[in-house]
Amino acid sequence: MEKLIFSDEFDYDGAPNPEKWRCEVGNHQWANNELQAYSDRPSNVYVKDGKLVIVAQKEKDGDREYTSARLNTKESFTYGTFKISAKLPNGVGSWPAIWMLGKSIREGTRWPLCGEIDIMEHVGRDEDNLLFSLHSEKRNHAIGTERTIVARSKDLCKDFHEYCVKWTPTFIEFFVDDVSMARFDKDDDNSVENWPFDAPHFMILNIAVGGGLGGPVNDEHLPYVMEIDYVRIYAE
């Protein structure tokens with residue numbers, strides 16, 4: 001039977017709970033040629049009316065022309081069922097994601113050797129498509145070998161949907177509203193370079209602007225807003 005080991009129902013107002021979340025900040029050049037700076041300002045991230053709200057907007061910050069927010073769980077997890085209810089932003093140039101990075105990146109391990117689990121990625125120019133991916137040293141988008149499945153779903157930007165990953169020692173499976181969308185099974189190569197998914201990972205919630213996947217930005221479509229109703233993590 002699954003046991004709830006982490007949750008945030010966002011039943012408070014103000015900044016995200018600092019005991020559970022850390023905002024990454026910086027107006028440097030982030031990965032993938034993204035255009036945003038990340039901030040922890042209330043204009044970019046706040047909790048209100050039972051929702052966590054992340055806002056990407058046209059706003060200069062250093063050399064960056066846009067600002068947004070990126071939240072990490074302070075805690076890391078190995079295996080489990082991760083459920084996140086979210087309403088995604090629309091607008092050409094938006095790139096929201098719910099994803100995970102190996103904890104070892106905090107200790108100096110480079111990407112993608114640390115591992116990356118993309119619970120959900122979405123790009124605003126194609127509202128009905130979702131991407132589900134795993135990245136490792138041997139299989140990642142930088143060398144065109146990542147494990148990725150693109151699946152279609154409706155009303156992603158109009159309604160809340162539950163995005164879920166079931167992460168086990170032998171497979172990682174992705175769901176939307178309890179419907180399986182993608183599954184990747186562990187193969188015979190048990191090396192960390194191929195399968196770094198037997199070690200702790202932390203969760204990230206963010207909206208990137210533009211970049212390699214987000215593509216060209218239509219400023220008239222900003223701000224981009226992603227709302228999160230809950231985050232729940234279960235262990236066996």
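If you're wondering where the values come from, they're calculated on a predicted model, not measured in any experiment.

What counts and what doesn't
- Residues numbered from 1 in each chain as written.
- Predicted model: local features only at pLDDT ≥ 70, side-chain atom pairs only at ≥ 80, totals over all residues.
- Heavy atoms only, no water.
- Pairing = 2+ DSSP bridges.
- Helix = DSSP H or I, 4+ residues; strand = E, 2+ residues; numbered from the N terminus.
- Axes fitted to C-alpha atoms, helices over the stretch in contact; angles between N-to-C directions.
- Salt bridge = Lys/Arg side-chain N within 4 Å of Asp/Glu carboxyl O.
- Buried < 20%, exposed > 50% of the residue type's maximum accessible area, 1.4 Å probe, protein only.

Q: Give a description of the sheet that holds strand E10 (residues 116–121) that names residues and reports values.
A: Strands sit in the order E2-E7-E16-E9-E10-E11-E12 across an open sheet of seven strands; the sheet is antiparallel. One side of each edge strand has no neighbouring strand; the edge strands of this open sheet are strand E2 (21–24) and strand E12 (147–152). Across the sheet, the axes of successive neighbouring strands diverge by a mean angle of 15°, strand direction being ignored. Where strand E11 (residues 129–135) and E12 come together, six bridges link them in antiparallel fashion. Bridge assignment links Asn129 to a residue of E12, and that residue is Arg152.

Q: Could you give me a rundown of the pattern of salt bridges, with the residues and numbers involved?
A: It is possible for side chains of opposite charge to pair when their charged atoms get near one another. All chains considered together, the criterion is met by 17 salt bridges. With a closest N to O distance of 3.4 Å, Lys87 and Glu227 form a salt bridge. A residue pair is termed long-range when its members are at least 10 positions apart, and Lys87 in strand E8 (residues 80–87) and Glu227 in strand E17 (residues 224–235) qualify at 140 residues. Judged by relative accessible area, Lys87 falls into the partly exposed class, the value being 22%. The closest approach of N and O atoms between Arg183 and Glu173, which form a salt bridge, is 3.7 Å. With a gap of 10 residues between them, Arg183 in strand E15 (residues 179–185) and Glu173 in strand E14 (residues 171–176) connect regions that are remote in the sequence.

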